[in-house]
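Observations on the three-dimensional arrangement
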Amino acid sequence: MYFNNSITQYGLVAKLFHWISFIILVIQIPLGFYLVRLDFSDTRITLEEYHVIFGIIIFYLTIIRLFYKLLSKSPKFLNSSFIGQNLIAKLNHFALYVAILTITSSGILKKLYNGETLNFFLFKFKYKMNFDLADKFYDLHIISNYALIVLISLHIFAVLFHKIFLKENILKRMT
Ligand code: HEM
Ligand code: HEM
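First things first, this report covers the structure right here in the doc. (Residues numbered from 1 in each chain as written. Chains lettered and ligands numbered in written order. Predicted model: local features only at pLDDT ≥ 70, side-chain atom pairs only at ≥ 80, totals over all residues.)

Surrounding ligand 2, one finds 18 residues, the nearest of these being Leu25, His93, Leu96, Val159 and Met174. Breaking the shell around ligand 2 down by element, the ones donating at least two residues are helix H1 (12-36), helix H3 (85-113) and helix H4 (131-164). Grouping the amino acids of the shell around ligand 2 by side-chain chemistry returns 11 nonpolar, 5 polar and 2 charged. (Near = placed C-beta within 6 Å. Helix = DSSP H or I, 4+ residues; strand = E, 2+ residues; numbered from the N terminus. Nonpolar A, V, L, I, M, F, W, Y, C, P; charged D, E, K, R; others polar.)

In structure tokens, the structure reads:
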């Protein structure tokens, strides 16, 4: 297996970014929905702390991943089976990145406008309080989470569509 991407295959670095992000998101999305349904308690506070830590990890991971993507070549798409297929795939990937960055930055801004001090691992940061903006960013946090769920579903549907109808195993490019 190659370390970096080739024309036909994702390399080890891109695969690690993809599957580590996947594992964190599979925990983080249900954790978010679960914790907001809990009554106020120590458990809820602890779970929210974990939620914020995982959230900031995925925020950094996505930014580093995008830098890596910009600096390295991406594998070429397979030959299209219908017009616009590659464009749809590109749009799906682009929208997945946008959704993850919107969720993480809106979560961060919600906490900061609540007047809380956030630990970004390398430094701590506190900003001025503004509850109106905190509420708006929290609405964005929820909407972008639903958008991410739709985009992930389409993404997985595309992999299955390739396998079942086009008889192409694109999963092997990412495993
Ligand atoms: C990709 C990463 C993230 C995902 C998938 C995610 C997902 C979620 C979800 C699904 C909810 C529940 C929304 C609801 O139904 O009300 C939630 C709540 C929340 N999220 Fe995130 N989140 C992420 C990152 C972050 C980050 C980076 C922060 C802050 C630094 C954050 C702060 C919060 C807060 C404060 C709540 C409300 C918790 C409460 O009411 O106690 N999230 N998140
Ligand atoms: C949290 C869920 C997931 C997210 C956020 C996600 C995100 C992404 C992104 C952003 C890319 C584009 C990589 C790039 O070139 O920059 C990608 C590619 C890919 N993903 Fe996922 N993914 C998820 C889950 C999955 C799952 C469950 C599968 C398998 C069923 C999968 C299979 C693939 C494959 C095969 C590719 C390469 C597509 C190609 O050949 O161009 N992904 N994914």
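On we go.
So, on to the environment of Pro75. As for its placement among the helices and strands, Pro75 is situated in the loop between helix H2 (42-71) and H3. By the C-beta count within 10 Å, which is 15 here, Pro75 ends up partly exposed. Other than its neighbours up to four places away in sequence, Pro75 contacts Asn5, Ser6, Ile7, Thr8, Gln9, Tyr10 and Arg173. (Buried ≥ 20, exposed ≤ 12 C-beta atoms within 10 Å, placed from the backbone. Contact = placed C-beta atoms within 7 Å.)

Glancing now at the site of ligand 1. Inspection of the region around ligand 1 gives 25 residues, with Gln28, Gly32, Val36, Gly55 and Gly107 positioned closest. Elements with a contribution of two residues or more to the shell around ligand 1: H1, H2, H3 and H4. Residues of the shell around ligand 1, tallied by class, amount to 14 nonpolar, 8 polar and 3 charged.

In a regular helix each residue adds 1.5 Å, so 34 residues correspond to 50 Å; H4 covers 49 Å between its end C-alpha atoms and thus fits that length. What H4 keeps buried is the set Phe137, His141, Ser144 and Leu151. In this structure, the buried residues of H4 make contact with H3. (Expected span 1.5 Å × (residues − 1).)

Moving on to unusual backbone geometry. Phi at Phe121 takes a positive value of approximately 70°, unusual for a residue other than glycine. Mapped onto the elements of the fold, Phe121 is located in the loop between strand E1 (118-119) and strand E2 (124-125). The exposed category is assigned to Phe121, around which 9 C-beta atoms lie within 10 Å. Although it is not a glycine, Lys167 sits at a positive phi angle of roughly 55°.

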